[in-house]
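Survey of secondary and tertiary structure
This is what each chain is made of:
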Amino acid sequence: MLETKEALFNAAEALARFDLDQVHSGTYSDATGWGPTAGRDVIETRCPADGETVGHVAASDAEDFERVLAASLETQKKWRMVPAPRRGEFVRRIGQLIEENLDALAAVVCLDTGKSTMEAKGELREVVDMSTLAAGQARMLYGYTQQSQRPEHRMYDQWLPLGVVGIISAYNFPAAVWAQNGFLSAIAGNTVIWKPSPKVPLTAIAVQKLVNRAAAEMGCEGVFSLLIPSDNDVAEKLVSDTRIAMVSFTGSTSVGKKVANIVGSTLGRRYQLECSGNNGCIVDETADLELAAKALTFGVVGTTGQRCTSTRRVIAHSSIADELVELMKKAFDQIRIGDPRDPAAVVGPLIDGAAVEDYRNALAGAVKEGATVAYGGEVMDRPGLYVEPAIVTGVQPHFEIAQEETFAPIVSVLTYETLEEAIEIHNNVAQGLASGMHSTNLTNIETFLSARGSDCGIVRINMGTTGADVGAAFGGEKETGGGRTAGSDAWQGFMRRQSVCVNWGGTSAWDNRINL
Ligand SMILES: NC(=O)c1ccc[n+]([C@@H]2O[C@H](COP(=O)([O-])OP(=O)(O)OC[C@H]3O[C@@H](n4cnc5c(N)ncnc54)[C@H](O)[C@@H]3O)[C@@H](O)[C@H]2O)c1
């Protein structure tokens, strides 16, 4: 494992570009502009790479929430009447501005999350891709027409906006989650209130600034607003306020369950959940093991294991398991761990001290249950929150490490004899986000893709479990929550369907019963 101390970008310059070199408000609404900073709790953000303070954000309070919501409700009354293709042009313009400012914004993402510059840029590319997808989709909010059984009647479905959508996002994708949900919300004619994780507030402020520029250019002010409370009281208002038509939540299953309970208790409001994953990949005896080792490695170590789709479990045929582990060790050896500000670093730090503790505890628990840490597994002795990616062998399906998501670069290796057994191990967890199979056997692949195969929302064959392609619907089953964002028909989740019937012939079914 290599590391470098060379920091190749200027943090101060990147922060100053978005006015983040001073205490900045975490509240934005078109009606009141950026909120006050005085009298607010201050969120101090530290870069996970070295623990240095990088920003101060004045947190949103309950009054800010009221102001933002009132403005968002008012704007939505106008926005819902703007033709959808024009709504799409606004979203596309936001994407263009993000593309034009990609390097500076990537620096902010990097300082906020500790993810490598390569990954920060990759995340922002996804935002740009999402804007083009949504702009095109805005012209294709299709409904079916149906044949009415009544004479001279026309029948069809149409899709209409919901109202105000609250987006609560996780720390690990501080821009992409907002784009996946927010762009579809906006083309649907909804206004959006974004509550990012207080662990990564700087990215949200920088993104909002670019949104404001696009809004001013295009006369679309007020569609996107921002709230960054420091605690959960204000966040919970966003969940419980019945004036908010939909809550799209991305984060842990435990918080997702709370959101579902609160929103679900008021019928008529919607929630969409994108929660925890525990992603497994079956590697059978016919697999190209070198290809598998490379794909699995990035799936485990990418974003320092802090992706909802990170590969957590490898379920390997017993005849190739040892060889596969050796190849993975060789691949892990070539991963450069280092300061994310160095473009050569592939793996950066974990987000905070609690994440490091979770890493330690998960490994200690696995060893206690009888597993072996076959590679890595140490917290690195250097400033910042760096850990070694770990390969754990001898894991049994019921071990906690195989059942629970640990948001860190740890992969458990389990073995099997028959494909049925592999699928049983694969599916026998609470989560259902991403899944994978490495194989060259068509029958094995198709079995995994069949009704008796993977029970997840995403299946990837001969590739890693991570890496978004915005054209597909993104989301998972079971305790991952069932939500879908991004491509395919995910836009429908942000609109309401109306079945319309029009009598154009001027006769009534009651004509021979009522004379007027
Ligand atoms: N399925 C997906 O698409 C997806 C994508 C990214 C992350 N995730 C999941 O997110 C988790 C990691 O992210 P995290 O640590 O930020 O998750 P988290 O659940 O701790 O926080 C998610 C968001 O919820 C907010 N929140 C926390 N308590 C709340 C409450 N009581 N009311 C309202 N909001 C509340 C947080 O401030 C944050 O904005 C992992 O489990 C990961 O798998 C899922």
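Residues numbered from 1 in each chain as written. Predicted model: local features only at pLDDT ≥ 70, side-chain atom pairs only at ≥ 80, totals over all residues. Heavy atoms only, no water.

The protein is annotated in an unreviewed UniProt entry as Aldehyde dehydrogenase family protein of Arthrobacter ginkgonis.

We now examine the pattern of salt bridges. Should their charged atoms come close, side chains of opposite charge can pair. Per the counting criterion, the structure on display carries 23 salt bridges. Salt-bridge contacts for Arg243 lead to Asp241; the nearest nitrogen and oxygen are separated by 2.9 Å. With relative accessibility at 13%, the residue Asp241 sits in the buried group. Measuring nitrogen to oxygen at the nearest pair gives 2.9 Å for the salt bridge that ties Arg341 to Asp339. Of the two residues, Arg341 and Asp339, both sit in the buried class. If you follow the salt bridges from partner to partner, you end up with Arg40, Asp61, Asp64 and Arg67 in one network. (Salt bridge = Lys/Arg side-chain N within 4 Å of Asp/Glu carboxyl O. Buried < 20%, exposed > 50% of the residue type's maximum accessible area, 1.4 Å probe, protein only.)

Each assigned domain of the protein is listed with its residue range as follows: domain 1 (11-275 + 481-498) and domain 2 (279-470). For domain 1 and domain 2, the distance between their C-alpha centres works out to 30 Å. Each side of the interface is counted separately: domain 1 has 26 residues, and domain 2 has 27 residues. Our count for the contact surface shared by domain 1 and domain 2 stands at three salt bridges. Among the ionic pairs, Asp352 bridges to Lys199, the shortest N-O distance being 3.5 Å. (Domains from an automatic or database assignment. Contact = heavy atoms within 4.5 Å.)

Right, let's get into the site of the ligand. As a structural note, the neighbourhood of the ligand is formed by 26 residues, with Ser169, Glu236, Ser252, Cys275 and Glu405 the closest of them. Take Tyr171: an N or O atom from its main chain is 3.1 Å from an oxygen atom of the ligand. The contact in question runs from a nitrogen atom of the ligand to an N or O atom on the backbone of Cys275, over 2.8 Å. Surface burial for the ligand is 90%, taken as the share of its 850 Å² of free accessible area covered by protein chains. For the shell around the ligand, the class distribution of residues is 13 nonpolar, nine polar and four charged. Each of two domains, domain 1 (11-275 + 481-498) and domain 2 (279-470), supplies a minimum of three residues to the shell around the ligand. (Near = heavy atom within 4 Å. Polar contact = N/O pair within 3.5 Å; in protein donor to acceptor, adjacent residues only side chain to side chain. Areas by Shrake-Rupley, 256 points an atom, 1.4 Å probe, with all protein chains shown as cover. Nonpolar A, V, L, I, M, F, W, Y, C, P; charged D, E, K, R; others polar.)

Regular strands show a simple pattern: their side chains alternate between the two faces of the sheet. Burial of strand β19 (residues 434-438) is extensive: five of the five residues sit out of reach of the surface. Taking every second residue as pointing to the same face, both faces of β19 are buried, with Ala434, Gly436 and His438 on one and Ser435 and Met437 on the other. Pairing of strand β13 (residues 279-283) with β19, which is carried by four bridges, proceeds in the parallel orientation. Looking across to β19, one finds that Val283 is bridged to His438. (Helix = DSSP H or I, 4+ residues; strand = E, 2+ residues; numbered from the N terminus. Pairing = 2+ DSSP bridges.)

As a further point, take the UniProt feature "domain: Aldehyde dehydrogenase" (unreviewed entry) in the protein. Listed under "domain: Aldehyde dehydrogenase" (unreviewed entry) in the UniProt record, and renumbered for this structure, are residues 38-500. For residues 38-500, helix accounts for 40% and strand for 21%, while the C-alpha atoms at its two ends are 51 Å apart. (UniProt positions renumbered as here; feature names shortened; annotations may be inferred.)

Glancing now at the nonpolar core. One finds Phe90, Trp178, Phe183, Phe224 and Leu324 to be the most contacted residues of the largest nonpolar core, which totals 104 residues. A domain split of this core shows at least three residues from each of domain 1 (11-275 + 481-498) and domain 2 (279-470). Apart from residues lying up to four places away in sequence, Leu324 is in contact with Val283, Leu289, Ala292, Ala293, Leu296, Val314 and Ala316. With 32 residues, the next largest nonpolar core counts Ala355, Val395, Leu414 and Ile423 among its residues. (Core = buried A, V, L, I, M, F, W, Y, C linked by side-chain atoms within 4.5 Å.)

It is worth spelling out the environment of Cys220 at this point. For Cys220, the location among the structural elements is in the loop between α7 (201-218) and β10 (224-226). C-alpha of Cys220 to C-alpha of Val356: the two residues are 136 residues apart in sequence and 43 Å apart in space. Among all residues touching Cys220, those that are not within four sequence positions of it are Trp79, Arg86, Phe90 and Ala215.

To continue, consider the pairing of strand β7 (residues 153-161). Bridge count between strand β6 (residues 145-146) and β7: two bridges; the pairing is antiparallel. Opposite Thr145, over in β7, you have Tyr156 as the bridge partner. Where β6 hands over to β7, the hairpin turn is made up of six residues, of which Glu152 adopts a positive phi near 55°. Here nine bridges tie β7 to strand β24 (residues 495-503), and the two strands are oriented antiparallel to one another. Counterpart to Asp157 in the pairing with β24 is Ser499.

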